[in-house]
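Next come the chains, spelled out residue by residue.
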Number of protein chains: 4
Amino acid sequence: MAKLRWGLIGGGRGSQIGPAHRISAGLDGAFELCAGALDYRPDEARAFGVELGLTADRAYGSWQEMLASEQVRDDKIELVTIATPNDTHFEIAKAFLQAGFHVLCEKPMTMTVEEGEEIVALAATHKRICAVNYGYSGYALVRHMKAMVARGDLGNIRLVVAEFAHGHHADAADADNPRVRWRYDPAQAGISAQFADCGIHAMHMASFVTGQEVTRLSADIVSTISSRELEDDAMVNFRMDGGAVGRLWTSSIAIGRQHGLTLQIFGEKGGLRWAQEQPNQLYWMPLNERVQIIERGEANLSPEADSASRVTVGHAEGMPLAFANIYSDLARCIAAEKSGQPMPDTLYPTAEDGLRSMAAVYAVAESGASDGVWVDARPPAFR
Amino acid sequence: MAKLRWGLIGGGRGSQIGPAHRISAGLDGAFELCAGALDYRPDEARAFGVELGLTADRAYGSWQEMLASEQVRDDKIELVTIATPNDTHFEIAKAFLQAGFHVLCEKPMTMTVEEGEEIVALAATHKRICAVNYGYSGYALVRHMKAMVARGDLGNIRLVVAEFAHGHHADAADADNPRVRWRYDPAQAGISAQFADCGIHAMHMASFVTGQEVTRLSADIVSTISSRELEDDAMVNFRMDGGAVGRLWTSSIAIGRQHGLTLQIFGEKGGLRWAQEQPNQLYWMPLNERVQIIERGEANLSPEADSASRVTVGHAEGMPLAFANIYSDLARCIAAEKSGQPMPDTLYPTAEDGLRSMAAVYAVAESGASDGVWVDARPPAFR
Amino acid sequence: MAKLRWGLIGGGRGSQIGPAHRISAGLDGAFELCAGALDYRPDEARAFGVELGLTADRAYGSWQEMLASEQVRDDKIELVTIATPNDTHFEIAKAFLQAGFHVLCEKPMTMTVEEGEEIVALAATHKRICAVNYGYSGYALVRHMKAMVARGDLGNIRLVVAEFAHGHHADAADADNPRVRWRYDPAQAGISAQFADCGIHAMHMASFVTGQEVTRLSADIVSTISSRELEDDAMVNFRMDGGAVGRLWTSSIAIGRQHGLTLQIFGEKGGLRWAQEQPNQLYWMPLNERVQIIERGEANLSPEADSASRVTVGHAEGMPLAFANIYSDLARCIAAEKSGQPMPDTLYPTAEDGLRSMAAVYAVAESGASDGVWVDARPPAFR
Amino acid sequence: MAKLRWGLIGGGRGSQIGPAHRISAGLDGAFELCAGALDYRPDEARAFGVELGLTADRAYGSWQEMLASEQVRDDKIELVTIATPNDTHFEIAKAFLQAGFHVLCEKPMTMTVEEGEEIVALAATHKRICAVNYGYSGYALVRHMKAMVARGDLGNIRLVVAEFAHGHHADAADADNPRVRWRYDPAQAGISAQFADCGIHAMHMASFVTGQEVTRLSADIVSTISSRELEDDAMVNFRMDGGAVGRLWTSSIAIGRQHGLTLQIFGEKGGLRWAQEQPNQLYWMPLNERVQIIERGEANLSPEADSASRVTVGHAEGMPLAFANIYSDLARCIAAEKSGQPMPDTLYPTAEDGLRSMAAVYAVAESGASDGVWVDARPPAFR
């Protein structure tokens, strides 16, 4: 199988997310980095591209240059990943979708609900993939949780408890640190800081695993460091369209927590607990029985888990392999399209997911500004 | 030192809490069980009392009989513990306080705020101790957390995250189980089920450790099993009088969680994490340093922790020893009173704590019934 | 039920083990401290005894004085606990057994195998109980492990892996610390330091749980701190009379380990893992299934576990409650004897266990001194 | 940087180790799979090679065919990985080294000490790299442990405790399972089963981290399933040339343990504990301080850890990324050679390590067959 041609926008030198994408896209040998616009500074973008092995003509100085060039090449890229600052996602995704490219966009997909709706519509009109990188949903045991819920192991889901609470912005002395400050500045970050940055991952996970969408929510948002205009801690209660109750805590001031993405699911017939920091174990308790430890890679897991797993039981798999499962899904779809095969079943997060997140961000901001009044969390189009 | 004479009401055969009190009261040799009214059935009460070693004349058939007899004895009991069904706490505590006895009352201290205020007033008027058994506050490392906060190790407290979420009422088939059903029946349980049963423990812990009181709260309460009229799951956001933000989750349908009382405290200068199920370790992370594991019994802990600790580091201490620290505090106070010494510093939960809990229960019910509107959580007397 | 009269020798002010015995003996209300010789200094012994509530005539200045007095009293003590320095255990136990007292002796029971044989013989001759305080065998889940093995849940036992490795003597600067130095001085400690102090606990546990006795062993012993004449680290391989293979590591220089008593049992049909520092959970893996977490206090455990358990599931029980189960066993035996009932089934460690440990200590020293040659680990009488 | 051309021998369809190598080699984009002989069946080898994207002329039917063809190509492979059955490693490695190829060989490198010595000599003579895949040494925190020891954080190392004990061969019914049976058959597996398969990983780790080599050892080996001629459980005590004492337990019948590679290092000034199943945390206890949790990816780790780490703190990295660090080391060396630069500092395991392991395997077998007699564990050439 020839490798698919892949392009990357953003993810320059020193970026955290860039290496994760490069590792994940290439990990199974399905994608090869063929083009990139890796920095907002043209010279650096080109230099770093060449350094990563791109040919000089495809180490672009800007995404506009990349778009103009790639769309007329015979060997044009077959997927573009957008890993730029948040407020540029929309225009880049829009431009590439309109030009007929498949897109994988970092979260948040857009800065407004309206933009999100536009992206969803564009992807549909142009019949292009627009995936959003809720990459934690690629973990084998997260997909196994989803499979367990779907096949009824837990019965009806009563309650979802999600957390994404870390302590990396807890130092008040960071008020002037440029790597932190912009996140709490509405001019740069939009209407939400911590919920938009981390909370939407946790909310996506809740939906992904339960197969239910959030309908209404009530939020309590606070800025525990007084110089911040946006929240660094939020508690969101919500309801889902399948009847589940949700509770979601996100924080950036929880000193001592490194990452803090966890998910607990409680149904009529059992409960599940999973944590991103120890992703190879899943705690499962069937009603009235004992807690069991499900190990990634053990025999007789669900097909969804098996196909998302690469090394034998007892060996840790981590985040890059989870992200790689998103890329693997996309590769299978693109390959199917190329060969005229029907689309395979996949689990990658879609533009609809990106849109729902954006609606949730606005709902959280609205509720949070109004003493936690319950608001509709759905995009208008999905009400 | 002669043992103090102790009486127990409730805690009969098969009771869960009775053995815990008997073990804890006697553990340090400070109290000796001298009188009891251990069951609501007089014959059983007397029989079980004798079985436990009481003399026949002090193995009473009812608390009224016990009160009548004890108050005229020369060797009357010096402390009475009330471990009866919740709706009887008030009248028994009231009667014993009025008769001049020191009281340790199981939680909840009363069923209404007004009753709580009456108990507080009675204790003050009669200069009697009325303690409430928030026994988890007796753990050595919980007291150490309080000491760390008090001496400023964490700086100002920004956030408290408390949980008391278990899964022991998750079986819908228990709708007709008499051991479970009454808890969700307003006629027997009052206005709150899970919050009143477990949530107030977690809320007391938040106050105990931070030294701050809850002022306002907003609650989201649900009954995930449809036959229940009272909540089996609740999320409570709150604010404290020292500026801390609080988040409290309590549940009885979280299958796979055995007990689930945990506390996380985040301040300007560090974070703490503790769990009742592993009470001998405390996770402490000073800002910008590494997580450290504080061990109960290690050298150079706070005086509060040292005096609450009985065996050497590395050996587990559990719940009975935590409860015993409440009794130990009471013994020191009663001994001081008997000998005319000044009252020692102690940390046992008081009737004021019991009253605050009751105000919180009503606030949770009120907020929960009104879509989470923020309400005052304080007893009227403390506003 | 009247309390049994209990005496304590040793365990004076500042002792680590004294408080553990006092808490444990009194915990269920079965024993009452009536006599004591608590210190080797007569005045201190008497003073501390009175302080603990003894009447002046039974707060003895020495064990000899105590023996002389108690054996002629009508209300003589019904059990004596010996918690003195190791090299005095034999003569005290011998004297009290000969005088007709039941004895609970701290480990090691004696300093030589010959002494151990004499104690066993004396207990048999005088029909007195001589228990040895391998108190960790009192944990509910340890007894449950034994029950699981006995009823065949694991099939034949293939392998036992036991550890008792901590780091509390790892500081070379402690070479002159009197609390540490004597332990590595043959003149005071005998032929073994760490194995005799901690290793025999782990070896007793291996025998207790499997129901098998150690027959042969090979030891590798080292002194990692050069000033020490006795071992601070040892690895012992052994064979058991039911066919199990054993591996036992004990250390006092394993910095970062607080206590370190753990037990793993592997049979044909499953494996078990337990750690003293988290004694309320037991990890059980049936062959070809998943690891399950057994919780102390859960429903449907073995009778042995249930009767060793005092508080509800999810609440921690610790070491004092484990020790209390040894006392509870003794109380039931003594009560049966007093009332002429048949001896109940109990699980307390016996003088035979103490003797076997002493034989193992000598075998470890012998093997360790001879490059790990395999030696018989049994007392001559049991070969 | 152009990718290096990589070849793979073995690792065919259904292989466990094949995917791990393919992921790891390609993960950083340094190597591209250009040639392979992936199965012992020529047709399958060619078919699977094409399936993996090889051109037909380099999807070879056998390693001999691959060697003959590659050595005369201008674009010959620059590294070959040998992932075939153990008893073929020697001849393949020998042939490729003689033909001037760099080699990465799966462990065990050879079946005899003499073969190992020959490989070491060949690599030296031909100035070719011969690395051995002790891939666990590639974990960032393992390299950090090595760095901590090297810079003196622990002082002199007193004790190393290594384990590689799992339960995947515990089912006696597997006696006839062809995937298991050959491992315990001397005709196919050689003189050792579990120690040669897993124990040498643990022993390599002990040497890697401490920077000391094993000099003497004593082994206790057993076959707990009677049909087995080779050991399924072994305990090895050893001494190292820097004075450290070693203890190593390896097992394949430890039901309930999934992988079981762990390492504990105890020095004069502190202790470390690490487990492969949770590789992103390292427990560090400086003497007389508290246990600290070192997180992979945290600020200010050693350069060795930083360069072995790819994603941000709090995100799990797993085994493929550890293996990729071996490949990354090799890529840097090969690139340096190509460009005439001096060899960079690297940490990959070498043929000398492979030879030492083989000497240890024979020493364990010899000692194990002679009641644990202490034997020299070094290859003759290193004595």
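Predicted model, so just to flag it, every value in this text is computed and none were measured. (Residues numbered from 1 in each chain as written. Chains lettered and ligands numbered in written order. Predicted model: local features only at pLDDT ≥ 70, side-chain atom pairs only at ≥ 80, totals over all residues. Heavy atoms only, no water.)

**Observations regarding the interface of chain D and chain A**
When the parts of a complex come together, some accessible area is lost, and that lost area is often taken as the interface size. Facing 34 residues of chain D, the contacting portion of chain A comprises 34 residues. On the chain D side of the interface with chain A, the three residues burying the most area are Ile23(D), His315(D) and Ala316(D), jointly 19% of the side's total. Connecting chain D to chain A are one salt bridge. A salt bridge links Lys3(D) to Glu32(A), with the shortest nitrogen-to-oxygen separation between them at 4.0 Å. Across the chain D-chain A interface, the total number found is 10 residue pairs in polar contact (both at pLDDT 80 or more). (Contact = heavy atoms within 4.5 Å. Buried area = accessible area lost by both parts, 1.4 Å probe. Salt bridge = Lys/Arg side-chain N within 4 Å of Asp/Glu carboxyl O. Polar contact = N/O pair within 3.5 Å; in protein donor to acceptor, adjacent residues only side chain to side chain.)

**Thoughts on the relation of the copies chain D and chain A**
Both copies of the chain are placed relative to one another by a rotation about an axis and a shift along it. Structural alignment of chain D on chain A gives an RMSD of 0.0 Å, achieved by rotating through 180 degrees and translating 0.0 Å along the axis. Each copy turns onto its partner about a two-fold axis. Relative to the rotation axis, the C-alpha of Gly318(D) is the closest in chain D, positioned 2.4 Å from it. (Least-squares fit on C-alpha atoms with pLDDT ≥ 70 in both.)

**A word on the confidence of the model for chain A**
With 100% of its residues at a pLDDT of at least 70, chain A reaches an overall mean of 96. Overall fold confidence (pTM) sits at 0.97, and the ipTM for the predicted complex is 0.96. (pLDDT = per-residue confidence, 0-100.)

**Comments concerning the interface of chain A and chain B**
With 40 residues of chain A at the contact, the number on the chain B side is 40 residues. In total, about 3,100 Å² of surface goes out of reach between chain A and chain B, with carbon and sulfur atoms giving 57% of it. Our count for the chain A to chain B interface comes out at six salt bridges. The shortest N-O distance in the salt bridge between Arg239(B) and Asp220(A) comes to 2.6 Å. There are 14 residue pairs in polar contact (both at pLDDT 80 or more) connecting chain A and chain B.

**Some words on helix H2 (residues 42-51) of chain C**
Residues and elements named next belong to chain C. If you check which residues of H2 are buried, you get Glu-44, Ala-45, Phe-48 and Gly-49. Mapping the buried residues of H2 onto a view down its axis gives an arc of 130 degrees, with all of them on the same face. Tucked inside the fold, the buried residues of H2 contact helix H1 (17-26). In the stretch just after H2, Gly-53 is the one whose phi turns positive, near 105 degrees. (Buried < 20%, exposed > 50% of the residue type's maximum accessible area, 1.4 Å probe, protein only. Helix = DSSP H or I, 4+ residues; strand = E, 2+ residues; numbered from the N terminus. Arc of directions from axis to C-beta.)

**A short note on the environment of Phe48(C)**
All names here are of chain C. Examined against the element boundaries, Phe-48 turns out to sit in helix H2. Along the chain, Phe-48 and Glu-78 lie 30 residues apart, while their C-alpha atoms are 21 Å from each other. Setting aside residues up to four positions removed in sequence, Phe-48 forms contacts with Gly-11, Gly-12, Arg-13, Arg-22 and Leu-38.

**Re the domain arrangement of chain A**
All names here are of chain A. Assigned domains within chain A: domain 1 (4-136 + 331-350) and domain 2 (140-313 + 356-376). Distance from the C-alpha centre of domain 1 to the C-alpha centre of domain 2: 26 Å. Counting residues at the interface gives 17 residues for domain 1, matched by 25 residues for domain 2. Roughly 1,600 Å² of surface becomes buried between domain 1 and domain 2 when both sides are summed, with 62% attributable to carbon and sulfur atoms. (Domains from an automatic or database assignment.)

**Brief notes about the pattern of salt bridges**
All told, the structure shown has 118 salt bridges over all chains when counted by the stated rule. Across the pair Lys94(B) and Glu118(B) runs a salt bridge whose closest N-O atoms are separated by 2.8 Å. Of the two residues, Lys94(B) is situated in helix H4 (residues 89-98) and Glu118(B) in helix H5 (residues 113-126); the sequence distance between them amounts to 24 residues. One network of salt bridges, with partners in common, ties together Asp57(A), Arg58(A), Glu70(A), Arg73(A) and Asp75(A).

**Some thoughts on the environment of Lys146(B)**
All names here are of chain B. Summarising the element assignment, Lys-146 is placed in helix H6 (residues 140-150). Note on Lys-146: relative accessible area 22%, which makes it partly exposed. Between the C-alpha atoms of Lys-146 and Ala-254, which are 108 residues apart in sequence, the distance is 28 Å. Only 2.8 Å separates the side chain of Lys-146 from the backbone oxygen of Phe-208, close enough to count as a polar contact.

**Focus: the state of the cysteines**
If you walk through the whole model with that rule in mind, you get zero disulfides over all chains. Free of any disulfide, Cys34(B) has its nearest cysteine sulfur in Cys34(C), 15 Å distant. Unpaired in terms of disulfides, Cys198(C) finds its nearest cysteine sulfur in Cys105(C), a separation of 17 Å. (Disulfide = S-S within 2.5 Å.)

**Brief notes about the sheet that holds strand S3 (residues 79-83) of chain C**
In sheet architecture, strand pairing relies on hydrogen bonds along the backbone and comes in two forms, parallel and antiparallel. Residues and elements named next belong to chain C. Within the open sheet, the five strands sit side by side as S2-S1-S3-S4-S5. Their pairing is parallel. Edge positions in the sheet fall to strand S2 (31-37) and strand S5 (130-132), since each of these pairs with one other strand and no more. The mean angle between the axes of side-by-side strands here comes to 25 degrees, regardless of whether they run parallel or antiparallel. With three bridges connecting them, S3 and strand S4 (residues 103-105) associate as parallel partners. Bridge pairing links Thr-81 to Leu-104 in S4. Sheet strands in contact with helix H3 (residues 63-70) are strand S1 (4-10), S2 and S3, and its direction is about 125 degrees off that of S2. (Pairing = 2+ DSSP bridges. Axes fitted to C-alpha atoms, helices over the stretch in contact; angles between N-to-C directions.)

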